[in-house]
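Chain and residue survey
Letter by letter, the chains look like this.
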Amino acid sequence: MRGGPGPHDVPVTRRSEVVQIDPTDPPPEPIRRAAAVLRAGGLVAFPTETVYGLGADGLNEGAVEKIFQAKGRPGDNPLILHIAELSELAPLILGEPNAAAKALMAAHWPGPLTMIFPKSALVPDRATAGLPTVAIRMPSHPVARELIRLAGTPIAAPSANRSGRPSPTTAADVLEDMDGRIPLILDGGQCEVGLESTVVDLTGGVPRVLRPGFVTAAEIKSAAGGSEIDPAVLAPLSEGEAPRSPGMKYRHYAPMGEVTAFRGPGAVGEIARRYDQADNALILALEENVPRYGNRCVLSLGRDESAMASTLFRALREADRLKAEHIFCECVEPEGVGLAVMNRLLRAAAFNVIDT
Ligand code: AMP
Ligand code: MG
């Protein structure tokens, strides 16, 4: 079963505490408490503008190890370090950021963009899964920023889901996967972007998008003078091919039900036809198409690819709550934010795509 117990399972013994926080005017006390947990080597889930993160002190090898255990995350999938101020970058990387990196920081930090640099000796090998590079992001969410500031250390934080599951965009999603595995969840409401950050590699000549996100390849090109998109973004890796970003090789973002994606002009008709032949099916559709499915069970993904970015993971988790066994999902054009949506959808569907 997907999302089931893995080899690194820790016993589920106690429930996690969930503390609600107004994200626009975060009160200091709960964030201070969360920072103390982090400084003591513990784990805290917290909201960011992308998805909820599962944080640990990124410079404490033992704390970082707890992230892998709580998530059941494969040890060769590196973590992103989160900083609150530009001055926190230099100790983590080797040498100076190049001109493209500086331009991208000026244009997109704080924000949903992760950059990859050569790593310094300060960063534990466990955090980068033994790679000579480190991924760094400066989030814009006020709770995330205050937490990093009060912890006084870069926070390693992957998405706060069990490995392979859809990323969490609410505290309820985090609780669903992590209850009893971590002591504290800061609940700042719904995440705005709803998809993980764009990951761009700056260690080569041209900035290379390894994982698309809300910051698009075109925006990277306009800030940095160039960008290329790793071919693995929309394609499964072929057998024996080495991924440039280790996260690329795992099936990801998958609900319990089987996801099928439908592309092309005949998508609505083909989805309706298959729905009628299946038991416990659910349709995920763009808002304008919802009426065309009549009284079939449909969740709206919103009006366009940006709306779909913020609703896709929510819809996939809702599909599980509805115990859907077959999830039939419409596609969007893989352009702009649509590239990020399709990158996640294709992996949730394990590249099970029907062209119509
Ligand atoms: P997550 O933390 O679950 O959002 O995933 C982090 C993503 O960043 C994964 O896809 C990683 O493979 C990628 N990543 C982190 N560090 C590096 C690195 N040093 N080089 C390439 N990709 C990285
Ligand atoms: Mg993740």
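As a convention, each chain's residues are numbered from 1 in the sequence order in which they are written. Chains carry letters and ligands carry numbers; both start at the beginning, A for chains and 1 for ligands, and go up in the order they are written. It should be noted that, the model being predicted, local features are given only for residues of pLDDT at least 70 and side-chain atom pairs only at 80 or more, the latter also being counted only at that level, while totals for whole chains, interfaces and linings use all residues. No hydrogens and no water enter the side-chain calculation; it runs on all heavy atoms of the structure.

Let us look at the layout of surface pockets. Computed over the protein atoms alone on a 1 Å grid, cavities are sets of points where a 1.4 Å probe fits but cannot get out and pockets are open sets with protein on both sides within 12 Å along at least five of seven lines; a residue lines them when it has an atom within 4 Å of a point. Grid points are joined across faces, edges and corners, and a volume is the space filled by probe spheres set on the points. Roughly 320 Å³ of volume is contained in the second largest pocket. What lines the second largest pocket is a set of 20 residues, and nearest its centre among them are F262, G264, C331, V332 and E333. Listed by contribution, the elements that provide at least two residues to the lining of the second largest pocket are β12 (258-263), α7 (267-277) and α9 (337-348). In this count, Pro and Cys sit with the nonpolar residues alongside Ala, Val, Leu, Ile, Met, Phe, Trp and Tyr, while Asp, Glu, Lys and Arg are called charged and the others, Gly among them, polar. Each residue belonging to the lining of the second largest pocket can be placed in one class, and the counts come to eleven nonpolar, three polar and six charged. Only DSSP runs of H or I reaching four residues or more are called helices, and only runs of E reaching two or more are called strands; each is numbered from the N terminus.

What follows concerns the sheet that holds strand β15 (residues 326-330). Strand order in the open sheet formed by five strands is β14-β13-β15-β12-β16, with parallel pairing between adjacent strands. What marks the edges here is a single partner per strand, and that holds for β14 (298-300) and β16 (353-355). Neighbouring strand axes in the sheet, compared pairwise and without regard to direction, differ in orientation by 25° on average. DSSP-based pairing: two strands are paired if at least 2 bridges between them are found. Across five bridges, the pairing between β12 and β15 is parallel. Across the sheet, the residue bridging to T260 is F328, located in β15. What makes two residues a contact is simply this: any of their non-hydrogen atoms within 4.5 Å. Note on definitions: angles span 0 to 180 degrees between N-to-C directions of axes, and those axes are lines fitted to C-alpha atoms, for helices only across the stretch in contact. Sitting on the sheet, α7 is in contact with β12, β13 (281-285), β15 and β16, with an inclination near 170° to β15. Those strands touched by α9 are β12, β15 and β16, and its axis lies near 135° from that of β12.

To continue, consider the pattern of salt bridges. For salt bridges, the criterion is a side-chain nitrogen of Lys or Arg within 4 Å of an Asp or Glu carboxyl oxygen. Evaluated as defined, the whole model comprises 23 salt bridges. One salt bridge connects E96 with K102, and the closest N-O pair in it is separated by 3.1 Å. The closest approach of N and O atoms between D125 and K119, which form a salt bridge, is 3.4 Å. Look at K119 and you get buried, because its relative accessible area is 11%. Through salt bridges with shared partners, a single ionic network connects R165, D173, E176, D177, R317, E318, D320 and R321. Categorising residues by exposure relies on relative accessible area from a 1.4 Å probe, with only protein chains included: less than 20% of the type maximum marks a residue as buried, more than 50% marks it as exposed, and the intermediate range marks it as partly exposed.

On to the side chain of R73, then. Mapped onto the elements of the fold, R73 is located in the loop between α2 (61-71) and β4 (80-82). Just so you know, the count uses Lys and Arg for positive and Asp and Glu for negative, and it drops His and the chain ends. Although R73 is buried, it makes no salt bridge; D76 carries the closest opposite charge, 7.8 Å away. Polar contact is defined as a pair of N or O atoms within 3.5 Å, subject to the rule that within protein one atom must be able to donate a hydrogen and the other to accept it, and that residues adjacent in sequence are counted only when both atoms are side-chain atoms. In this structure the side chain of R73 is engaged in a polar contact, spanning 3.1 Å, whose partner is the backbone oxygen of N77. Of note is the side chain of R73, whose polar atom sits 2.8 Å from the backbone oxygen of P78.

Stacked, tilted and edge-to-face pairs are distinguished by plane angle, under 30 degrees for stacked and over 60 for edge-to-face with tilted covering the rest, among Phe, Tyr and Trp rings (Trp via its six-membered ring) whose centres lie within 6.5 Å. Under the defined criterion, the tally for this structure stands at two aromatic pairs. Look at Y253 and F313: their rings are 5.3 Å apart centre to centre, the planes differ by 40°, and that puts the pair in the tilted class. Of this pair, Y253 sits in the loop between β11 (228-229) and β12 while F313 sits in helix α8 (residues 305-321), placing them 60 residues apart in sequence. Neither Y253 nor F313 differs from the other in exposure class; each is buried.

Right, let's talk about the packing of helix α3 (residues 99-108) against helix α6 (residues 217-224) for a bit. At their nearest, the axes of α3 and α6 sit 8 Å apart, and the two run at 115° to each other. Helix-helix and strand crossings are classified by hand; for α3 and α6 the assignment is right-handed. Contacts from A100, A103, L104, A107 and H108 in α3 reach E219, I220, A223 and A224 in α6. Of the residues contributing to the contact of α3 with α6, the split by class is seven nonpolar, one polar and one charged. Here is the rule for handedness: rotate from the far helix to the near one, and if that takes an anticlockwise turn smaller than a right angle the crossing is left-handed, while a clockwise turn gives right-handed.

Summarising burial for β13: five of the five residues are buried, a large majority. Residues A281, I283 and A285 line one face of β13 and the alternating positions L282 and L284 line the opposite face, and both faces are buried. Pairing analysis gives four bridges linking β13 to β15, with the strands arranged parallel. Across the sheet, residue I283 finds its bridge partner in β15, namely F328.

Attention now goes to the side chain of N343. Locating N343 in the fold gives a position in helix α9. Those residues in contact with N343, other than ones at most four positions away along the chain, are R211, P212, V233 and L234.

The next subject is the environment of A281. Among the secondary structure elements, A281 is positioned in strand β13. Counting along the chain gives 24 residues from A281 to G257, while the straight-line C-alpha distance between them is 8.9 Å. In this view, A281 contacts Y275, C297, H326 and F328; residues no more than four positions away in its chain are not counted.

Any link to function would need more than the numbers given here.
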